[in-house]
Structure formats: C-alpha cells, structure tokens
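Below are the chains, spelled out letter by letter.
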Amino acid sequence: MRHLLSIEELEKKDILDIINLAIKIKKKSKHYSKLMYEKSLLMIFELPSLRTRISFETAMTQMGGHAINYYTIHSPWGVGKESIEDVGNVVSRYVNAVMTRIKDHNEIVKLAQNSQVPIINGLSNKEHPCQILGDLLTIYEKGKLKNLKLAYLGDANNNVTYSLMHACSKMGIQMSIACPQTEEFLPSEDVIRKTKTKVFKNPGDATRNADVVYTDSWMSYSIPKKEKIRRTKALKRYQVTKDLMGITKKDSIFMHCLPALREHEVTKDVIDGSKSVVFDQAENRMHIQKAIITWCLGKL
Ligand code: CP
Ligand code: NVA
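No experiment lies behind these values; they were computed from the predicted model shown.

With that settled, consider the site of ligand 1. Inspection of the region around ligand 1 gives S49, L50, R51, T52, R101, H128, Q131, Y221, C257, L258 and R285 as its neighbouring residues. Between ligand 1 and H128, the relevant distance is 2.8 Å, taken from an oxygen atom to a side-chain nitrogen or oxygen of the residue. A distance of 2.8 Å separates a nitrogen atom of ligand 1 from a polar atom in the backbone of L258. A total of 250 Å² of accessible area belongs to ligand 1 in isolation, and the protein chains cover 99% of it. By residue class, the composition of the shell around ligand 1 is four nonpolar, four polar and three charged.

Now the structure itself:
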C-alpha cells in the first residue's frame, strides 16, 4: 500500500502510472465495477468540497465499494479530544483507505505515520495532488503533454500552484507564473528554485505563446472573507482575460480547478468560452480518483 500526500513526493513514473491507469479505467469503466468490492474509503473533511467529495464517492460506488463522508467538526479529534495519531490507528481497523481534506499538511503527515491503510491528500495548505493528476490527464487528452508551455496567473502561494510546479518540473513542462511580487502571493523561494519555475510580474510575459493558461480562486477556502476586497484589488491585474488569451498559442486551452468566481480571477467570456476545458477537468477528477485509489491499494 502507498500514501499519496503530495506531488513533490512522487516520481515521474508514479505520475505516469496513475495517469495510464486512469486512461485504462476511463475507457472501460464497467470492467472495473468489482475492483473495490467490500472496500471502504473514509473521507475526512475539515474544509468544503463539491468535486473532491462527489468524485471520490462516485468512484468508490462505480468500482463496487463504499465511501464514508465524515466531518472533523463531528470528530473527537476536531474538538480537541483525541490525537490524530489515535484517529489513524483506529480508522485503519475499519476502512481500506482514507482521503482527507484537512488544512494543516503536517496533520496529514502525522495521520499517515500512524495509519496502516493508505492516506490520500484531497487538498491541504501545501498541495492538491489529486487535482493536478486529473489535470495532467486532461492536458494529455487535449494532446498537449509534449513541449508544453503552461502559464499560471494569480495567487501563486497556493496549494494548486505548488502541486502544478512540482508536476511540471517532473514532467518536463515549462511553467511560468505571473503574480504580485509580494510574499503573500509569491510561491516560496525554495519551491521556485527546486522546480526551476519562471516567475514574472507582468501577466503578458507568462502567457505569451502559452499552450495552457491556468488560474485558481483568489479566495482559497482557508482565507478569511474579510480579506476579499483587499486581495481582489491586489490580484486584479492577474485576471485571465480574452486579451491575455489572445497572445497565447492559437490552440491554447484555459484551465481552472474550480470553484471559480467569474469576473474575479477569470472573465466570464474566457471561462465560458471555446478555449475553456474546466468541465472536462471536473469530470476527470472522478476518473483519476479511481486510478489513485487503485494505485494506493496496489490493486493493479
Ligand atoms: N477542485 C476541487 O477540489 O473542488 P472542490 O473544492 O469542490 O472539491
Ligand atoms: N486553492 C483552492 C483550491 C480549491 C480547490 C483552495 O485551497 O481553496
């Protein structure tokens, strides 16, 4: 059994194995309808979710297994009455795998150290590996994995950006970021250096000739609502617009992990326009979850 806590910890081979498995399962999903027979996945949520929650549960159902939806607010750990170490040891006696959406990545690491079943990170403050594996599947399906130039705009000190940076570096994708040049929005120096990502102040410098333009919410789940006006002002210049898409390659695509706020990080005409693949991305979350669960359990 294997945990999936971050893209940073994966080898290129692991990434390719998971994507290839997802392609196989997506093509003939009925062939895998008993793969998770009598298997249970526990899903622990501290933060909200639409896609992760529903795609994981549907993935388990379609493979003949079962998913349990559990909120930390209802857990003795969530109310400070039990250690995460004990949670890991207890749930390992019931279920075959655990997917977590817990803010503090260190807690997920602790859980994994005390779990006898695979732990899958369904988003933490550090990374969102399941999202980016699904996105690589989408990019592959659009025929774009070779000599790819990917531009990321907006809040770059962010779980999705970090997973993208590690994935691009491992897959030989040239990634450029444009974001405000302040600590709040810049990725850490350490990850920039390690992944050799190019970082620009001017959005045009990142997007020119890009094959893929990617953005994420300016108001990630863990950012307090009172920050909205200030952050919107700071990030406004990095909104993905039709003009910016106009300097990308002719057949470029627009990606967003969702949830999106139209006219904030992206204009309506871009996200609802012909270059947008956001709903293909959302669908692929389910296909990649099947592959992730299967890979973690060492079933194929
Ligand atoms: N992209 C993503 O993870 O969506 P949810 O927050 O709805 O799960
Ligand atoms: N960066 C976003 C991703 C949402 C899927 C967040 O953390 O809320």
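What follows is about the site of ligand 2. Every residue near ligand 2 is listed here: L123, H128, N158, N159, V160, D216, S220, Y221 and L258. The separation between a nitrogen atom of ligand 2 and a polar side-chain atom of N158 is 3.4 Å. In the environment of ligand 2, a nitrogen atom lies 2.8 Å from a nitrogen or oxygen atom belonging to the side chain of S220. Protein chains shield 95% of the accessible area of ligand 2, which is 270 Å² for the free molecule. Residue classes in the shell around ligand 2 are distributed as four nonpolar, four polar and one charged.

So, on to the side chain of S6. Tracing the backbone shows S6 in the segment before α1 (12-27). Of note is the side chain of S6, whose polar atom sits 3.2 Å from the backbone nitrogen of E9. With near-sequence residues (within four places) excluded, S6 lies in contact with E127 and P129.

A few words on the pairing of strand β5 (residues 149-153). Burial runs high along β5: five of the five residues are buried. Residues K149, A151 and L153 line one face of β5 and the alternating positions L150 and Y152 line the opposite face, and both faces are buried. Relative to strand β6 (residues 174-178), β5 runs parallel, the two sharing five bridges. When the bridges of β6 are listed, L153 appears paired with A178. Crossover connection from β5 via helix α6 (residues 159-171) to parallel β6: handedness right-handed. Here β5 runs beside strand β8 (residues 212-215); their pairing, made up of four bridges, is parallel. Pairing of A151 across the sheet is with V213, part of β8.

Attention now moves to the sheet that holds strand β2 (residues 66-71). In spatial order, the strands read β2-β1-β3-β4; together these four strands make up an open sheet with parallel pairing. Looking at which strands have only one partner, the edges of the open sheet turn out to be β2 and β4 (119-121). Between one strand axis and the next, the sheet turns by 20 degrees as a mean value, whatever way the strands run. In this structure, strand β3 (residues 97-101) lies alongside β4, joined through three bridges in parallel fashion. From the neighbouring strand, M99 faces β4, where its bridge partner is I120.

Ranked by size, the top nonpolar core spans 61 residues in total, and within it L133, L150, Y214, I292 and I293 carry the most contacts. Once residues within four sequence positions are removed from consideration, L150 is found in contact with I139, L164, C168, I173, Q174, M175, S176, V212 and Y214. Counting 16 residues, the second-largest nonpolar core is a separate cluster that includes M245, L258, V270 and I271.

Where burial is concerned, most of strand β1 (residues 40-45) is hidden: six out of the six residues are buried. Residues of β1 alternate between two faces, with S40, L42 and I44 on one and L41, M43 and F45 on the opposite face, all of them buried. Strand direction decides the pairing type here: β1 and β2, joined by six bridges, are parallel. Bridged to S40 within β2 is H66.

Right, let's talk about the sheet that holds β8 for a bit. Across the sheet, which stays open at both edges, the five strands sit in the order β7-β6-β5-β8-β9 with parallel pairing between neighbours. Every other strand in the sheet has two partners, leaving β7 (198-200) and β9 (253-256) as the edge strands with one partner each. Here the strands of the sheet are splayed against their neighbours by 25 degrees on average, with no regard to which way each runs. Where α6 meets the sheet, it contacts β5, β6 and β8, and its direction lies at approximately 150 degrees from that of β6.

Pairs may arise between side chains of opposite charge once their charged atoms sit close together. Summed over all chains, the structure comprises 16 salt bridges. Among the ionic pairs, K126 bridges to E8, the shortest N-O distance being 3.2 Å. With K126 in the loop between β4 and α5 (129-141) and E8 in the segment before α1, this pair connects stretches of sequence that are 118 residues apart. Exposure remark for E8: the relative accessible area of 25% places this residue in the partly exposed category. Between E227 and K226 there is a salt bridge, and its shortest N-O distance comes to 3.8 Å. Look at K226 and you get exposed, because its relative accessible area is 69%.

What counts, and where the lines are drawn
- Residues numbered from 1 in each chain as written.
- Chains lettered and ligands numbered in written order.
- Predicted model: local features only at pLDDT ≥ 70, side-chain atom pairs only at ≥ 80, totals over all residues.
- Heavy atoms only, no water.
- Near = heavy atom within 4 Å.
- Polar contact = N/O pair within 3.5 Å; in protein donor to acceptor, adjacent residues only side chain to side chain.
- Areas by Shrake-Rupley, 256 points an atom, 1.4 Å probe, with all protein chains shown as cover.
- Nonpolar A, V, L, I, M, F, W, Y, C, P; charged D, E, K, R; others polar.
- Helix = DSSP H or I, 4+ residues; strand = E, 2+ residues; numbered from the N terminus.
- Contact = heavy atoms within 4.5 Å.
- Buried < 20%, exposed > 50% of the residue type's maximum accessible area, 1.4 Å probe, protein only.
- Pairing = 2+ DSSP bridges.
- Right-handed = clockwise from strand over helix to strand, strands pointing away.
- Axes fitted to C-alpha atoms, helices over the stretch in contact; angles between N-to-C directions.
- Core = buried A, V, L, I, M, F, W, Y, C linked by side-chain atoms within 4.5 Å.
- Salt bridge = Lys/Arg side-chain N within 4 Å of Asp/Glu carboxyl O.

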